[in-house]
Amino acid sequence: MEDDDITPAPEGELALQTIAMPADANWNGDIFGGWLVSQMDLAGAVMARRVARGRVATVAIDSMSFLRPVPVGSVVSCYSKLGDVGRTSMQILVEVWIGDHTNHQSKVTEGQFTFVAIDQTGRTRPVPRD
Ligand SMILES: CC(C)(COP(=O)(O)OP(=O)(O)OC[C@H]1O[C@@H](n2cnc3c(N)ncnc32)[C@H](O)[C@@H]1OP(=O)(O)O)[C@@H](O)C(=O)NCCC(=O)NCCS
């Protein structure tokens, strides 16, 4: 198969979907990177909470790449994929994709987050193994 025949597709599961609003735009008229990071943090937390079966906290954003600008009005879809799981931590890869009016999807941002399972007092706790 030729490389051109491969249609890129999101990795992971759809964790969060929203619409980029004018209030989230920057001085260029595109969406603020900080708004995107916030959505990605939420999308990662959706998965981390399920894996940890309870409270989690973001301890690190290990990498972040802004690949393309996001126009106002875009449907923004965040996909989460579980990476390495440590004793109390979970790495989660989050990809952000937008679709155009022809339903063509393109990846606009990707980042790797580390979440830690915490108890009610904010102390770390082991991630359940089963
Ligand atoms: C999350 C928190 C409870 C962890 O406490 P801590 O004393 O750093 O805990 P530890 O040093 O035992 O580390 C816990 C785990 O996180 C990992 N970790 C800690 N700092 C890390 C970093 N900068 N990058 C990647 N992993 C990290 C450790 O390797 C460890 O993983 P493991 O148990 O799977 O081996 C504490 O740092 C905290 O409360 N941070 C603030 C969280 C927050 O407010 N986030 C924003 C809003 S959710």
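Preceding block: the structure.
Residues numbered from 1 in each chain as written. Predicted model: local features only at pLDDT ≥ 70, side-chain atom pairs only at ≥ 80, totals over all residues. Heavy atoms only, no water.

(A) Quick look at the overall build of the chain. The secondary structure content of the chain amounts to one helix and five strands. Along the chain, from the amino end to the carboxyl end, the secondary structure elements read β-α-β-β-β-β. Viewed in the frame of its principal axes, the chain has a C-alpha envelope of about 45 × 45 × 20 Å. Of all 130 residues assigned to the chain, the portion counted as buried reaches 33%. Of the contacts formed within the chain by residues at least 6 apart in sequence, a portion of 68% connects residues at least 24 apart. When the accessible area of the chain is evaluated, it comes to approximately 7,700 Å², of which 51% is carbon and sulfur surface. In the chain, 11 side chains carry a positive charge and 16 a negative one; their mean positions are 16 Å apart. (Helix = DSSP H or I, 4+ residues; strand = E, 2+ residues; numbered from the N terminus. Buried < 20%, exposed > 50% of the residue type's maximum accessible area, 1.4 Å probe, protein only. Contact = heavy atoms within 4.5 Å. Areas by Shrake-Rupley, 256 points an atom, 1.4 Å probe, with all protein chains shown as cover. Lys, Arg positive; Asp, Glu negative; His and termini not counted. Charge placed at Lys NZ, Arg CZ, Asp CG, Glu CD.)

(B) Main features of the environment of Gln-91. With respect to the element layout, Gln-91 can be found in strand S4 (residues 89-99). For the pair Gln-91 and Ala-48, spaced 43 residues apart in the sequence, the C-alpha separation amounts to 8.5 Å. Aside from chain neighbours lying at most four places away, what touches Gln-91 is Lys-81, Leu-82, Gly-83, Asp-84, Gln-112, Phe-113 and Thr-114.

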